[in-house]
Amino acid sequence: MSLSHAEPGFAAPLALLDTRVRMETPEGIDLILRPAGLLSRSIAFGIDLMIRGVLLGALFFVLGTLGDFGTGLFMLALFLGTWGYMVLFEVLHQGRTPGKQIMGLRVIHDDGTPIGWSASVLRNLLRFVDMLPFGYCVGAFTCLQHPLFKRLGDLAAGTLVIYRDLPPQRPALAEVTAINPPLPLLLAEQRAVQAFAERHATLSPARAQELAAIVTQPLQLSTSPDPHYPVQQLNGIARSLAGSS
Amino acid sequence: MRLTDASVVIRPRTSWEAIDLGVLLAQRHRALLMTSWAIVTLPVFALLTLLLWDYPSVAVLVFWWLKPAYERLPLLILSQALFGSAPSLRQALKSLPSALTPQLIASLTWRRLSLSRSFYQPVQQLEGLDGLPRAQRIAVLGQKDPRAARLLTALGSTLEMTFWIGLMVLFYAMIPPQIEADWSWRSLLDIEGEWNWLEHLTNGFYALVLIVWGPVYVSCGFALYLNRRTALEAWDIELGFRNLRQRVLGSALALLLGGFFALTLLPSSVMAASASIQSMPEEIPSESGNSCPLPPLDNPQTDEDVAPPDSPRLLNQPLTSQASQNAIHAVLEQPPFKNPKPVSGWRIAQPKHDAQSAETPNWLARLVVGLLNTGKTLSAVFGALLWALLGITVAWVMWRYRAWFATFVGKSPPKATAPQDIPHQLFGLQVRAETLPTDVADAAERLWQQSPREALSLLYRALLSRLLTDYQLPLKSADTEGQILARIAELKQPPLDDFSHELTRHWQNLAYGHRLPPDQARQTLCSGWRKLFAQGAGA
């Protein structure tokens, strides 16, 4: 579907709310980013915390056998784990710690560029402000109040946590004969027809027929006694829009 | 409910994104939601506190148990704000009783502990379903990803506890230490009921936390519900189809009007075209035989009076062309067309000390006694290495930034650097202090008997040496006696000036003119020298 201002006709007095933001690059290319909110981020943080806890716990027992030397090594590991885990993963792994990877998140700069060392170090150092006065209170509060779901560290470092875009799969379309649309369709309309063809199987048949009835007249679909006939014709149009293969 | 009036972008989202949308929705109506929540809950809290003054824990438990009742009003506000304009505070509060009564008992008893409370709340409150229809509806809605709603509730209660404890910690952190000591002393002698007010105050923090989080929780559940219905009923496709219809039929009407005018002007040519179009508008309302309740169609008949593009149009509906023009201008005032400048602030981070016990389990240590010894050695070696590394680093840093440090450590005494700049010879005369006798005047007096030339030379060299070291005159070997006199004059010390003139005159007479100085010159010069440099002579 298209973004807010692409929809013609009715415009609400306020801008339509959406969880997507549009970043325009200097080249005039629109990047669509989907900032991630508190829930998915805190789950990702919980996963990261668990991974670190398990690893460091195991390390503690292994290194415990080495006596003082082991304790020293463990202290070093603890330091690295506390300070380096997030930063190293974020910078060297395309903004994804294991928890973020699992939750489908990544960290980027505000302008959509990959996160660098200084921003990552800054946003992770400021975790200790976000933790005040207890258990990420400040961070959670700012995250809930900010329109892009930023905590203080993100505000300071100019970073953004977004949902990663997965490579799109080619959807399966019904095997019907392609029908050329009777009039040129706008991009948003083509997408609506495509979405209908992809998803009408998940709808109840009555609802699918009802949707098809909306466009029977403008798309000059032929009416017939079979109420399912317009749905098939829409599938045909979607087929021709999608192209062969 | 008209989909085209929705104040959010309707598209199928992932559950996480739907929850984020709920947060955004709550943000937009933040003031209204929080105020109405506070107006509803705080009196209840006050009443409970008064009634259960002796049982603070029971009071907060009852307050917590009543949460589903408070959540009715935010949902009502949000549902109205979503498809239309948000009600005012007065309107919202007026509609509270009607929203509160249906199924209140069920919400507060057997449905109270449901983890998907906020997700299913719209079913009973907005759709008004109960009993079997509600169960069926919930079964349909909950088919896909019911986990998100449960996680939302779980995280919500965690967040409430976190905020609550955070507020308490903040409160105790703000108490001055004297009062705190006083309090802990008093709490040892806790008299029955004396400290109830403190517990009720802490309960009040929970009420405050709920003002922030309660509406967000309702809004997130509502967004999840909307998202599920968007996917189930393909709202986004319906919206796209309606827009398509609006566009195509709108232009067909324009064509029809154009055809009509053309027909009146050129009756012969366009008959067939207009005839084919004319059949269209009459069919428009024909597809209203829907099988299930639907948002009513936008009535295209209202758009019929098509006029020149910039004249006011669409006057019979809430959104006129003028309003849409205003909306366009409003959009043009926002990014990316007008970019406000972001300002980000710095705050000082407070380091956190990771307390880590250094104990190692004994049974493991006993298993590897051999390793233990090597471990100790290794730890010593590594400790030494690390300390050495630290020392080297510090030394390197100091050496690397020595110039930078020097600017702050204070000027090193210039005397240390002066000897390098002082010339050792001035026009063939040794002027270094070491080459001179300790008591110059005495030596000169003794020398005067045998060779006045050496005595005068000694005095003159000593004078130059003193000028270089004591007075810091920047003399060069290229300077003439006259230039040296000029520099001495700049010091503005008349005794030194007179003495130097006298000495220079005698020295020049002797050195270049081979004229011996008069005898009384010996006395004058030596006593003059003693007068000027007597204090420093012994040094």
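Residues numbered from 1 in each chain as written. Chains lettered and ligands numbered in written order. Predicted model: local features only at pLDDT ≥ 70, side-chain atom pairs only at ≥ 80, totals over all residues.

(A) Representation of the overall build of chain A in the model. Within chain A one finds 10 helices and four strands. Element order for chain A, N to C, with α for helix and β for strand: β-β-α-α-α-β-α-α-α-α-β-α-α-α. The long-range fraction of contacts in chain A, counting pairs at least 24 apart against all pairs at least 6 apart in sequence, stands at 60%. (Helix = DSSP H or I, 4+ residues; strand = E, 2+ residues; numbered from the N terminus. Contact = placed C-beta atoms within 7 Å.)

(B) Structural context of the overall build of chain B. From N to C terminus, chain B includes 25 helices and two strands. Across the 539 residues of chain B, 25% fall into the buried class. Considering only contacts in chain B between residues 6 or more positions apart, those separated by 24 or more positions represent 70%. (Buried ≥ 20, exposed ≤ 12 C-beta atoms within 10 Å, placed from the backbone.)

(C) Quick look at the nonpolar core. Core analysis: the biggest nonpolar cluster contains 99 residues, and Phe 196, Leu 211 and Leu 234 of chain A together with Ile 19, Cys 220, Ala 223 and Leu 224 of chain B have the highest contact counts within it. By residue number, the principal contributor to this core is helix α13 (residues 196–233) of chain B, which donates 13 residues. When neighbours within four sequence positions are excluded, Ile 19 of chain B is seen to be in contact with Gly 37 and Leu 39 of chain A together with Ala 148, Leu 152, Cys 220, Ala 223 and Leu 224 of chain B. Within the second largest apolar cluster, 26 residues are counted, among which are Leu 426, Leu 458, Leu 459 and Leu 464 of chain B. (Core = buried A, V, L, I, M, F, W, Y, C linked by C-beta atoms within 7 Å.)

(D) Examining helix α11 (residues 147–174) of chain B more closely. The terminal C-alpha atoms of α11 of chain B, which comprises 28 residues, lie 40 Å apart, in line with the 40 Å expected from a rise of 1.5 Å per residue. Taken as a whole, α11 of chain B has its buried residues at Ala 148, Ala 149, Leu 152, Leu 155, Gly 156, Leu 159, Thr 162, Phe 163, Trp 164 and Gly 166 of chain B. Where α11 of chain B is buried, its residues touch α1 (38–64) and α6 (137–145) of chain A together with α1 (15–28), α9 (117–125) and α13 of chain B. (Expected span 1.5 Å × (residues − 1).)

(E) Layout of the packing of α1 of chain A against helix α2 (residues 67–92) of chain A. Residues and elements named next belong to chain A. Two numbers describe how α1 lies on α2: the axes approach to 9 Å, and their chain directions differ by 165°. Judged on the interaxial angle alone, α2 and α1 are roughly antiparallel. Once α1 is placed against α2, the crossing between them reads as right-handed. Every residue of α2 that contacts α1 at Arg 52, Leu 56, Leu 59, Phe 60, Leu 63 and Gly 64 is listed here: Gly 70, Leu 73, Phe 74, Ala 77, Leu 78, Gly 81 and Tyr 85. When grouped by side-chain class, the residues that make up the contact of α1 with α2 number nine nonpolar, three polar and one charged. (Axes fitted to C-alpha atoms, helices over the stretch in contact; angles between N-to-C directions. Parallel < 35°, antiparallel > 145°, perpendicular 65-115°, else oblique. Left-handed = near helix turned anticlockwise from the far one by under 90°. Nonpolar A, V, L, I, M, F, W, Y, C, P; charged D, E, K, R; others polar.)

(F) Region of interest: the pairing of strand β4 (residues 159–163) of chain A. Of all five residues making up β4 of chain A, five are buried, and the element is well covered by its neighbours. With burial as the criterion, each face of β4 of chain A is covered, one bearing Thr 159, Val 161 and Tyr 163 of chain A and the other bearing Leu 160 and Ile 162 of chain A.

(G) Up close: the packing of helix α2 (residues 30–51) of chain B against helix α3 (residues 56–65) of chain B. Residues and elements named next belong to chain B. Contact pair α2 / α3: the axes reach a minimum separation of 9 Å and the direction vectors enclose 150°. Taken together, the axis directions place α2 and α3 in an arrangement best described as roughly antiparallel. In this structure, α2 crosses over α3, and the sense of that crossing is right-handed. Along its contact with α2, which presents Val 44, Phe 45, Leu 48 and Thr 49, the element α3 presents Ala 59, Val 62 and Phe 63. Classifying every residue of the contact of α2 with α3 by side-chain character gives six nonpolar, one polar and no charged.

(H) Structural detail: the UniProt feature "transmembrane region" (unreviewed entry) in chain A. All names here are of chain A. Following the UniProt record, the feature "transmembrane region" (unreviewed entry) maps to residues 43–63 and 69–92 here. Along residues 43–63, the helical share is 100% and the strand share 0%, with 30 Å between the first and last C-alpha atoms. For residues 69–92, the end-to-end C-alpha separation is 30 Å, with 100% helix and 0% strand making up the annotated structure. (UniProt positions renumbered as here; feature names shortened; annotations may be inferred.)

(I) Geometry of unusual backbone geometry. In this structure, the amide linkage connecting Leu 132 of chain A to the following residue, Pro 133 of chain A, adopts the cis form with an omega of -20°. Within the element layout of this structure, Pro 133 of chain A appears in the loop between α5 (127–130) and α6. With omega at 5°, the peptide bond leading from Pro 335 of chain B into Pro 336 of chain B counts as cis. Assignment of secondary structure puts Pro 336 of chain B in the loop between α16 (321–332) and α17 (362–367). Residues other than glycine seldom take positive phi values, yet Phe 149 of chain A does so here, at roughly 60°.

(J) Here's a closer look at the environment of Trp 529 of chain B. All names here are of chain B. As for its position among the elements, Trp 529 is in helix α25 (residues 519–537). With 23 C-beta atoms counted inside 10 Å, the residue Trp 529 sits in the buried group. A C-alpha to C-alpha distance of 9.6 Å links Trp 529 and Ala 462, two positions 67 residues apart in sequence.

(K) Molecular detail of the confidence of the model for chain B. Residue and element names in this part refer to chain B. This prediction gives chain B a mean pLDDT of 79; 77% of its residues lie at or above 70. Segment residues 265–305: pLDDT under 50, and 41 contacts once partners within four positions in sequence are set aside and those in other chains are kept. Contacts from residues 354–360, a stretch scored under 50 in pLDDT, to residues over four places away or in other chains number 10 contacts. (pLDDT = per-residue confidence, 0-100.)

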